[in-house]
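# Overview (structure and organization)
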Amino acid sequence: GVYSFEDSPFIMEILTELRDENTGPIAFRKGLVKLGRYMAYEITKTMETERIKIKTPLEETDGILIADRRNVVIITVLRAAIPLMEGLIKVLDHARVGIVSASRGKAPKFEIEMKYVKVPQITEKDTVIIADPMIATGSTLIKVLDEVKKYGKAKRYVIVGVLAAPEGISRIKEAHPDVEMFVAAIDRELNEKGYILPGLGDAGDRAFG
Ligand code: PRP
């Protein structure tokens, strides 16, 4: 499934700040960290839980454990996903982390080059979360998923982004039908350079200058 959070005022307020051209790199990075934290929180709502018994200092009572939270691999797509990953890991604190680079070539082919790939071994217990703020044509994530799937079969593959274009979502769904997507919002379209409209500009440049 594809989940977006247009009905969450708090996530929309963070997104508004990220979109605003007057937001500088410090606030932009902080916004991505915050968003990562809340997106991870939303993902935990879709994870399996176990009932457990614990003792308070006074008596025995029931509690829960989010078993899946213990088995998470976060894949960080350089470079704009770094602050997003920092937020995700605050909630998914047991996560193992993979780092990959993927740079997008020029229009019209937008060919993806992956020069750096460091991914931990993946097991069928794992929820693999791929963080990339912008899902434009989807080419980057298709390539990253092709690569990540070589490291083992996971229980779930979840993409976490800030903005997605409809084109990117359909292309990813077609290439990797087993993937779920969590994005703050789905935007209108791509321009001829492959930028999301209205978008927020180039997330890497806005975060890192
Ligand atoms: C941007 C963005 C995604 C990718 C999305 O990265 O962060 O990774 O483009 O485009 P796609 O869906 O059309 O493939 P960019 O190549 O600008 O690198 P950067 O993060 O280092 O700025």
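Relevant structure appears above.
Residues numbered from 1 in each chain as written. Predicted model: local features only at pLDDT ≥ 70, side-chain atom pairs only at ≥ 80, totals over all residues. Heavy atoms only, no water.

Moving on to the pattern of salt bridges. Per the counting criterion, the structure on display carries 13 salt bridges. In this structure, Asp-187 engages Arg-19 in a salt bridge whose closest nitrogen and oxygen atoms are separated by 2.8 Å. With a gap of 168 residues between them, Asp-187 in the loop between strand 12 (179-186) and strand 13 (189-190) and Arg-19 in helix 1 (residues 9-19) connect regions that are remote in the sequence. Since its relative accessible area comes to 7%, Asp-187 is described here as buried. Relative accessible area serves as the criterion here: at 26%, Arg-19 is assigned to the partly exposed category. Between Arg-96 and Asp-126 there is a salt bridge; the shortest N-O distance is 3.0 Å. Pair noted here: Arg-96 is in strand 5 (residues 96-101) and Asp-126 is in the loop between strand 8 (117-118) and strand 9 (127-131), with a separation of 30 residues, a long-range link. By relative accessible area, which is 1% here, Asp-126 ends up buried. A single salt-bridge network, built from bridges that share partners, covers Glu-48, Asp-68 and Lys-155. (Salt bridge = Lys/Arg side-chain N within 4 Å of Asp/Glu carboxyl O. Helix = DSSP H or I, 4+ residues; strand = E, 2+ residues; numbered from the N terminus. Buried < 20%, exposed > 50% of the residue type's maximum accessible area, 1.4 Å probe, protein only.)

Looking now at helix 3 (residues 81-91). Buried residues of helix 3: Ala-81, Pro-83, Leu-84, Met-85, Gly-87, Leu-88 and Val-91, and no others. Contact partners of the buried residues in helix 3: helix 2 (25-44), strand 4 (72-78), strand 5, strand 9, strand 11 (156-164) and helix 6 (203-208). (Contact = heavy atoms within 4.5 Å.)

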